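A look at the structure
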Amino acid sequence: MIDCDIKDIALADEGRARIEWADRDMPVLASIRERFEREKPLAGVRIGACLHVTTETANLMRTLVAGGAEVRLCASNPLSTQDDTAASLVRDYGVSVFAIRGEDNETYYRHIDAVIDFKPQITLDDGGDVVGRIHESRRDALPGIIGGAEETTTGVIRLAAMAAEGELAYPVIAVNDAKTKHFFDNRYGTGQSTLDGIIRLTNRLLAGRTLVVSGYGWCGKGLAMRAKGMGCRVIVCEVDPVAALEAHMDGFAVMPREEAAHEADIWVTVTGNLNVIDDVCFEAMKDGAIICNSGHFNSEINIPWLEEHALRKEALKPLVEEYTMPDGRTIILLAEGRLVNLSGAEGHPANVMDMSFANHALASEYLIEHARDMEPKVYDVPAQIDEDIAALKLATLGVHIDELTPEQIAYMNTWQVGTV
Ligand SMILES: NC(=O)c1ccc[n+]([C@@H]2O[C@H](COP(=O)([O-])OP(=O)(O)OC[C@H]3O[C@@H](n4cnc5c(N)ncnc54)[C@H](O)[C@@H]3O)[C@@H](O)[C@H]2O)c1
């Protein structure tokens, strides 16, 4: 059997059925896979991926293998791995997987090291843990790497910081910043799947409840919109005046976190920042408030403060923990503060990951063709790739659009025509 560290290969049948089910709603990626199968643009290239090990990711891995790549995959979060998916990837699709749901921190980084030991030529990250590890302590892997791609906002922010300090050693394509990624995945994907995670873990009725969203970026907008649709009264907390104004104009209550704390029945952070729910919030929260995070890292909620100040902690059910405060109030934390949509549910639906992962597949192909001419910095996905993916997606949806007429093209390119 190929190199791997997974929970149980016997889970592969279930994993395969779910991978195929997801594939039915990923037509853009499937069409790329068909072309890759014929043209083998990734022939012989080693790709090391650190992504959430879900059925959608499995279909990206299949696409890379179809293109001729050798692939090794580890998890980008200790709680997001679907063990049956991992098993099927190993048994059915020839992908070397190092990921076990619930792995401890030491195992998580051992698995990342296994991907680096594979000497990848291309790295695919979700959150920048592989790129970070290679640059900090595994520089031995640098000489063979031609480039990488990054899936999420937090990872792109980390990469931009590395590039600004002159530390980034190879070019990385910011898949997150493609329009066909964050307009859809971050907004509609996170919006729906975050509520899915909360509902699966708590089975609470959302209608009539006050839900606080911290962060009105792409993810926060999607979440606020979907929570409103479920009947929640939505409050937004922000630090950016423009984003706060947009939330206000979109019809949401906007207020500081200390005030929102008195109102929240459910509170979700999705900012990419640190200690967004902090002591000032815990001290003001209602009894029984539910808190969770859908941002990339589990540092958005100050869990160490809760651990230190709560009288006791009790697991009510898996991934639902109740903290009792000295004044008797309880605060309920979901999924250990890790991505609630991937820990409590299955992450984004396949239909949006179809576009995100089409970007990854095409970014890998682009790196093979162009990396030698690229500098060690963060690159946007080429606009043509973004447009091609949107056009393919529309075609699969049976949506047709207008084309510019020659007259309109000429008009758009002239400056002489003014008021008539
Ligand atoms: N759960 C998922 O599956 C998923 C999917 C995509 C992105 N993400 C992650 O979600 C996070 C947000 O991503 P995004 O694309 O929405 O980013 P974004 O940059 O579009 O939005 C983040 C927003 O948070 C606000 N913010 C920052 N600090 C804050 C604070 N202390 N209090 C309140 N608001 C604050 C910013 O002003 C900004 O408007 C990132 O960590 C990203 O990696 C998660």
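For the structure, check the block above.
Notes on the structure follow. (Residues numbered from 1 in each chain as written. Predicted model: local features only at pLDDT ≥ 70, side-chain atom pairs only at ≥ 80, totals over all residues. Heavy atoms only, no water.)

1. Thoughts on the overall build of the protein
Keep this limit in mind: By the criteria applied, helices consist of DSSP H or I runs no shorter than four residues and strands consist of E runs no shorter than two, each listed in order from the N terminus. Here the globule rule is a power law, 2.2 Å times the number of residues to the power 0.38, and the radius of gyration is based on C-alpha atoms. When a residue's accessible area, from a 1.4 Å probe over protein chains only, is under 20% of the maximum for its type it is buried; when over 50% it is exposed; and in between it is partly exposed.
From N to C terminus, the protein includes 17 helices and 15 strands. For the protein, the C-alpha radius of gyration of 22 Å lies close to 22 Å, the compact-globule estimate for 420 residues. Seen through its principal axes, the protein has C-alpha atoms that stretch 75 × 65 × 45 Å. Counting over 420 residues, the protein shows a buried share of 55%.

2. Let's talk about the site of the ligand
Rule in force here: If even one non-hydrogen atom of a residue comes within 4 Å of a molecule or strand, that residue is called near it. Under the rule applied, a polar contact is a pair of N or O atoms within 3.5 Å (in protein, one hydrogen donor and one hydrogen acceptor; residues adjacent in sequence only if both atoms are side-chain atoms). Using a 1.4 Å probe, accessible areas were evaluated by the Shrake-Rupley method; residue-level cover was limited to the displayed protein chains. Classification convention: Asp, Glu, Lys, Arg as charged; Ala, Val, Leu, Ile, Met, Phe, Trp, Tyr, Cys, Pro as nonpolar; all other residues, Gly among them, as polar.
Taken together, 27 residues lie near the ligand, and Thr-152, Thr-153, Thr-154, Glu-238 and Ser-294 sit nearest. Side-chain polar atom of Thr-154 to an oxygen atom of the ligand: 2.5 Å apart, as the coordinates give it. In the model, an oxygen atom of the ligand is placed 2.9 Å from a nitrogen or oxygen of the Cys-219 main chain. Relative to its free-state accessible area of 860 Å², the ligand is covered by the protein chains to the extent of 85%. Of all the secondary structure elements, the ones that give two or more residues to the shell around the ligand are helix H7 (153-164), helix H8 (179-202), helix H9 (218-229) and helix H14 (340-343). For the shell around the ligand, a count of residues per class yields 10 nonpolar, 15 polar and 2 charged.

3. Looking at the side chain of Thr-194
Heads up, the condition is: Whether two residues touch is decided by their heavy atoms; if any such pair falls within 4.5 Å, the residues are in contact.
By the secondary structure assignment, Thr-194 is in helix H8. For Thr-194, a relative accessible area of 0% puts it in the buried group. Not counting the four nearest positions on each side in its chain, Thr-194 is found in contact with Leu-223, Val-268, Ser-294, Val-340 and Asn-341.

4. Digging into helix H4 (residues 83-93)
Most of H4 sits out of view: 9 of its 11 residues are buried. Within H4, burial applies to Asp-83, Asp-84, Thr-85, Ala-86, Ala-87, Ser-88, Leu-89, Val-90 and Tyr-93. Positive backbone phi, approximately 65°, marks Gly-94, located one or two places after H4.

5. Overview of the sheet that holds strand S12 (residues 312-317)
Inclusion rule: Strands are treated as partners if at least two bridges between them are detected by DSSP. Axes here refer to lines fitted to C-alpha atoms; in helices the fit is confined to the stretch in contact. Angles between the N-to-C directions go from 0 to 180 degrees.
Taken together, 8 strands build an open sheet; the order of strands is S9-S8-S7-S10-S11-S14-S13-S12 and the sheet is mixed. Taken across any chain shown, the strands that pair with only one partner, and hence form the sheet edges, are strand S9 (253-254) and S12. Sheet topology places S12 next to strand S13 (residues 320-324); 5 bridges connect them, and they run antiparallel. If you follow Arg-312 over to S13, its bridge partner there is Thr-324. Set on the sheet, H9 makes contact with strand S7 (210-214), strand S8 (233-237) and strand S10 (266-269); between it and S7 the angle comes to about 170°.

6. Considerations on the packing of helix H1 (residues 12-23) against helix H3 (residues 55-66)
We count it as follows: Any angle from 65 to 115 degrees is called roughly perpendicular, while one under 35 is roughly parallel, one over 145 is roughly antiparallel, and all others are oblique.
At a closest axis distance of 8 Å, the pairing of H1 and H3 adopts a crossing angle of 80°. By the angle class used here, H1 and H3 are roughly perpendicular. Residues Arg-18, Ile-19, Ala-22 and Asp-23 of H1 pack against Thr-55, Glu-56, Ala-58, Asn-59 and Arg-62 of H3. Among the residues making up the contact of H1 with H3, the classes are represented as 3 nonpolar, 2 polar and 4 charged.

7. Topic: the sheet that holds strand S2 (residues 70-74)
Strand order in the open sheet made by the 7 strands is S3-S2-S1-S4-S5-S6-S15, with parallel pairing throughout. The sheet is open, and its two edges are formed by strand S3 (96-98) and strand S15 (378-380), each paired on a single side. Neighbouring strand axes in the sheet, compared pairwise and without regard to direction, differ in orientation by 20° on average. Across 3 bridges, strand S5 (residues 147-150) lies against strand S6 (residues 172-174) in parallel orientation.

8. Comments concerning the packing of aromatic side chains
Put simply, the rule reads: We call Phe, Tyr and Trp rings a pair once their centres come within 6.5 Å, taking the six-membered ring for Trp, and we label the pair stacked below 30 degrees between planes, edge-to-face above 60, and tilted otherwise.
Taken as a whole, this structure holds 6 aromatic pairs when the rule is applied. Seen from their ring centres, Phe-183 and Phe-184 are 6.3 Å apart, and the 55° between their planes marks the pair as tilted. Residue classification places Phe-183 among the partly exposed residues on the basis of a relative accessible area of 25%. By the ring-pair criterion, three or more aromatic residues cluster together here, those being Phe-183, Phe-184, Tyr-188 and Trp-218.

9. Overview of helix H5 (residues 105-117)
To keep things clear, this is the line we draw: Residue count minus one, scaled by 1.5 Å, sets the expected span of a helix.
The end-to-end C-alpha distance of H5 is 18 Å, a good match for the 18 Å that 13 residues give at a rise of 1.5 Å each. Listed as buried for H5 are Thr-107, Tyr-108, His-111, Ile-112, Asp-113, Ala-114, Val-115 and Ile-116. On its buried face, H5 sits against strand S1 (46-50), S2, S3 and helix H6 (129-136).

10. Describing unusual backbone geometry
Here the phi dihedral of Lys-119 falls at roughly 55°; this positive angle occurs in a residue that is not glycine. Following the sequence through the fold, Lys-119 ends up in the loop between H5 and strand S4 (122-125). The residue Asn-203 is not glycine, and still its phi comes out positive at about 55°. Along the chain, Asn-203 falls in the loop between H8 and S7.

11. Quick notes on the nonpolar core
The line we're drawing: Definition of nonpolar core: a set of buried residues of the types Ala, Val, Leu, Ile, Met, Phe, Trp, Tyr and Cys, connected through side-chain atoms within 4.5 Å.
Counting residues in hydrophobic clusters, the biggest one holds 51 residues, and the most contacted among them are Leu-60, Met-61, Leu-64, Leu-73 and Val-97. Element by element, the count of residues in this core is highest for helix H15 (residues 350-370), at 9 residues. Discounting residues that sit within four places of it in the chain, Val-97 has contacts with Asp-3, Cys-4, Asp-5, Ile-6, Leu-73, Ala-86, Leu-89 and Val-90. Core analysis: the second largest hydrophobic core is formed by 29 residues, Cys-219, Ile-332, Ala-335 and Val-340 among them.

12. Some details on the environment of Glu-321
When you line up the elements, Glu-321 lands in strand S13. Residues Glu-321 and Cys-74, spaced 247 residues apart in sequence, show a C-alpha to C-alpha distance of 27 Å. Sequence-distant contacts of Glu-321, defined by excluding residues within four places in its chain, comprise Lys-313, Glu-314, Ala-315, Ile-331, Ile-332, Leu-333 and Glu-336.

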